[in-house]
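Coordinate analysis (summary)
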Amino acid sequence: MDMTEHVIEVTGLRRRYGSAASGGSKAGRKGGVTALGRKRGGDTGAGGFEAVRGLDFQVRRGEVFALLGTNGAGKTSTVEVLEGLARPTAGKVAVLGLDPFADRAAVRPRIGIMLQEGGFPSDLTVAETARMWSGCVTGARPIQEALELVGIEDRASVRVKMLSGGERRRLDLAMSLIGYPEVLFLDEPTTGLDPEARQQTWALIRRLRDAGTSIMLTTHYLDEAEKLADRLAIMHEGQIVHSGTPAEVSAQQPSRIRFRLPHGVLPAHLPTSLRAAAHGDQIEIRTQDLQRDLTELMLWAQQQHVALEQLNARTASLEEAFLDIARQQPQLEGAL
């Protein structure tokens, strides 16, 4: 397996809705059509609204790539183009070396898609649903195997309408895997799952990746992206603002040291080089060199015979990087 091979290549991708856009209204990720409301950060005038504004990224064979972003960032618009559900307004997109829209007949049998909701007929049983889906796929995975992968083989005779929300998500995942996809698109795959099922789904995603499946994941759970993604990109207002491994993206944010000073010791007594800030009785130091500043703080406390209460020191998290982006536009809700 060539880990340097790009199974998804995106160059200068733009997608616009409105009078200048091709394809008309925006298709919803839940199988319907959503009304296009006024959004910020793009062109909402006579030329329409530009939801995606010049993306460049690649997904390698055999990796998990997470696409994250604030609400309205353009994730859905991007993924719909990659799945072949819409044409780009400008730029180039290739999936497995082919145009996913123009070459849909060649691309579709080689990819799997898990939408936010599958929209399966509610009166069919799980097994009947799988048989129906299998009949639409060339070289389909055995139904029992597909259900076992996601842990719902014991629900085969149950009607879809009787499944819990988490069980429906697992059925969605099973159907996305029934064709042995080379590239798998997962849209919020663990929404509604209990903690045990969530861990099982994470383990399955890792097994699929290790077997060579390339996975593009969107999720609102930042811990999920941090644990699963080999690389990720964070979108904001139609553009990628951070990308890299989870550790690389997190490292762009400062580490934090927090503690309380004992009565009678003022923040002004701390070394000025630490640039400490007081928030009520809580002291916070934000630093790009956690080891150096923590060492300086501890040496100062030892020399001054000061006990630092509730001392906590930690590196930045992916959540902090995401929230920093969300705070750039307070009117947009974060996708947490």
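See above for the structure.
**Some thoughts on the overall build of the protein**
What the protein contains, in helices and strands, is 10 helices and 13 strands. Counting only residues that meet the buried cut, the protein has 47% of its 336 residues in that class. Total accessible area on the protein stands at roughly 16100 Å², and carbon and sulfur atoms take up 49% of it.

**Thoughts on the pairing of strand β12 (residues 282-287)**
As paired strands, strand β10 (residues 255-260) and β12 are joined by five bridges and run antiparallel to one another. Following the sheet pairing, Ser 255 is matched in β12 by Thr 287. Of the strand pairs in this sheet, strand β11 (residues 277-279) and β12 are connected by three bridges, and their pairing is antiparallel. Bridging across to β12, His 279 finds its partner in Gln 282. Joining the antiparallel neighbours β11 and β12 is a turn of two residues, in which Gly 280 adopts a positive phi near 70 degrees.

**Focus: the sheet that holds strand β13 (residues 309-314)**
Spatial ordering of the open sheet is given by β11-β12-β10-β13, a layout of four strands whose pairing is antiparallel. Edge positions in the sheet fall to β11 and β13, since each of these pairs with one other strand and no more. Within the sheet, the average angular offset between the axes of one strand and its neighbour, ignoring direction, is 20 degrees. Here β10 runs beside β13; their pairing, made up of four bridges, is antiparallel. The partner of Ile 257 across the bridge, within β13, is Ala 313.

**Digging into the nonpolar core**
Counting 39 residues, the largest nonpolar core has Leu 68, Leu 171, Leu 186, Leu 232 and Ile 234 as its most contacted members. Counting 28 residues, the second largest nonpolar core, distinct from the first, contains Leu 82, Val 93, Val 183 and Phe 185.

So, how was this worked out
- Residues numbered from 1 in each chain as written.
- Predicted model: local features only at pLDDT ≥ 70, side-chain atom pairs only at ≥ 80, totals over all residues.
- Heavy atoms only, no water.
- Helix = DSSP H or I, 4+ residues; strand = E, 2+ residues; numbered from the N terminus.
- Buried < 20%, exposed > 50% of the residue type's maximum accessible area, 1.4 Å probe, protein only.
- Areas by Shrake-Rupley, 256 points an atom, 1.4 Å probe, with all protein chains shown as cover.
- Pairing = 2+ DSSP bridges.
- Axes fitted to C-alpha atoms, helices over the stretch in contact; angles between N-to-C directions.
- Core = buried A, V, L, I, M, F, W, Y, C linked by side-chain atoms within 4.5 Å.

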